[in-house]
Amino acid sequence: MTDALLLVSFGGPEKPDDVVPFLENVTRGRGIPRERLVEVGQHYFQFGGKSPINDQCRALKAAIEADFAARGVSLPVYWGNRNWDPYLADTLRQMRADGITSAACLFTSAYASYSGCRQYRENLAAAVAEVGEGAPELRRLPHYFNRPGFLEPFVDHTVAALAELPAGSRLEFVTHSIPTAMNDAAGPNGGAYVAEHLDAAGVIAAGVGERIGRPVEWELVYCSRSGPPSQPWLEPDVNDHLETLAKDGVPGVAVLPIGFVSDHMEVIYDLDTEAKATAEQVDLPFRRVPTPGVDPRFVTMVRELVTEAEPVVLGTIGPRWGDCPAGCCANLRGPQPALCGKD
Ligand SMILES: CC1=C(CCC(=O)O)c2cc3nc(cc4[nH]c(cc5[nH]c(cc1n2)c(C)c5CCC(=O)O)c(CCC(=O)O)c4C)C(CCC(=O)O)=C3C
Ligand SMILES: [Fe+2]
């Protein structure tokens, strides 16, 4: 039984004074070099000290509420963040006060990895411990990277982007880089972060090819690397790759941020600002494809995750679990309490 839907997101600063404390929350104990933090702070300040992510969560929450109301799903929707106000513990206290005893969680993160999955589960465990007695019981909705409601908006918007680019342009699928060791530990058997992205990208590329009547070339590249240079992270970086493509005479690129569900700071800075500038420098026609955001198909997918009997998925991997199997996405710094999983 479920009394509520809980949107679990990353959080972001809303004004300049929030930026440094937000970055401290995100990077506490993560060993990110100081120069990187100063640089990322500048990305936020350049946008007035405000990340778009909280407004995007408010918009998604409102769209889900409207859809639930229209479809007779009488579940209240709550929202809490890992790293900024509204914090998960505050939301759980509100839910308890409202008489909610159980909730299904939707993470605004679509793929397996410590950063994108288990860290959310650890933060939920910490928030439940902080709230104490009477905190709602939480379960997690299935991973959705291979659901039509997540993939189809990318197909549509990519077809539109290609129509504005020279013939023969390619698809650059972009996701957040992570340490290679984190990918090696992702999912129950390792490597799930990259494998899930490749599966999703393959479905989108095939869908686009079908729509435009010819196969399109594509690859998966990475943005937003942090960490010390000595630590290997997934490569190539999108900027380096755009330079390679220009040298190879590729006529243009559609850039699809498939690692993200909304156009938050990584998208508007790392892609729309930095990667776009790189493309201009090397004279490579560039279009950035929107993320699902509040696309009605994505909102419908959320309702289906809550109410469905039979999961519908695309690609080769097959339906994924909600609550994770034991050993999934290990915390490489050592085990921590986590909810929504066998360990
Ligand atoms: C896989 C992944 C996702 C996708 C899944 C998901 O969506 O959760 C994601 C999302 C996000 N990452 C975000 C912001 C940041 N991530 C950082 C740092 C890091 N991210 C990592 C991974 C991921 N991150 C990693 C391995 C680090 C290194 C530190 C560590 O090992 O933990 C830092 C610190 C500075 C820096 O190092 O860049 C910031 C500020 C925001 C908010 C954006 C906004 O404000 O609009 C969002 C949605
Ligand atoms: Fe991040």
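Here's what I pulled together on the structure shown here. Here the structure is a predicted model, which is why all the values come from computation and not from measurement.

### Concerning the pattern of salt bridges
Then step 1. Here the structure, examined in full by the defined rule, presents 22 salt bridges.
Then step 2. Notably, a salt bridge pairs Arg-288 with Asp-263, separated by 3.1 Å at the nearest N-O pair. Here Arg-288 is found in strand E8 (residues 286-288), whereas its partner Asp-263 is found in the loop between strand E7 (253-256) and helix H10 (265-281), with 25 residues between them in sequence.
Then step 3. Residues Arg-297 and Asp-295 are paired through a salt bridge, measuring 3.0 Å at the closest nitrogen-oxygen approach.
Then step 4. Classification of Arg-297 by relative accessible area gives partly exposed; the value is 29%.
Then step 5. With relative accessibility at 12%, the residue Asp-295 sits in the buried group.
Then step 6. If you follow the salt bridges from partner to partner, you end up with Glu-14, Lys-50, Asp-55 and Arg-58 in one network.

### Quick look at the pairing of strand E6 (residues 218-223)
Then step 1. Most of E6 is tucked away, with five of its six residues classed as buried.
Then step 2. Relative to E6, strand E5 (residues 170-176) runs parallel, the two sharing six bridges. What sits directly across from Phe-173, in E6, is Leu-220.

### Quick word on the packing of aromatic side chains
Then step 1. Per the counting criterion, the structure on display carries eleven aromatic pairs.
Then step 2. Between Phe-10 and Phe-22 the ring centres are 6.3 Å apart and the planes differ by 65 degrees, which places this aromatic pair in the edge-to-face class. Here Phe-10, found in the loop between strand E1 (4-9) and helix H1 (19-27), pairs with Phe-22, found in helix H1; they are twelve residues apart in sequence, far enough to count as distant.
Then step 3. On the accessibility criterion, Phe-22 (2% relative accessible area) is buried.
Then step 4. Both rings, one in Phe-107 and one in Tyr-120, keep their centres 5.2 Å apart while their planes meet at 20 degrees; by these two values the pair is stacked. Taken as a pair, Phe-107 in strand E3 (residues 102-107) and Tyr-120 in helix H5 (residues 114-131) lie far apart in primary sequence, 13 residues in all.
Then step 5. Since its relative accessible area comes to 1%, Phe-107 is described here as buried.

Criteria and thresholds
- Residues numbered from 1 in each chain as written.
- Chains lettered and ligands numbered in written order.
- Predicted model: local features only at pLDDT ≥ 70, side-chain atom pairs only at ≥ 80, totals over all residues.
- Heavy atoms only, no water.
- Salt bridge = Lys/Arg side-chain N within 4 Å of Asp/Glu carboxyl O.
- Helix = DSSP H or I, 4+ residues; strand = E, 2+ residues; numbered from the N terminus.
- Buried < 20%, exposed > 50% of the residue type's maximum accessible area, 1.4 Å probe, protein only.
- Pairing = 2+ DSSP bridges.
- Phe/Tyr/Trp six-rings, centres within 6.5 Å; stacked < 30°, edge-to-face > 60°.

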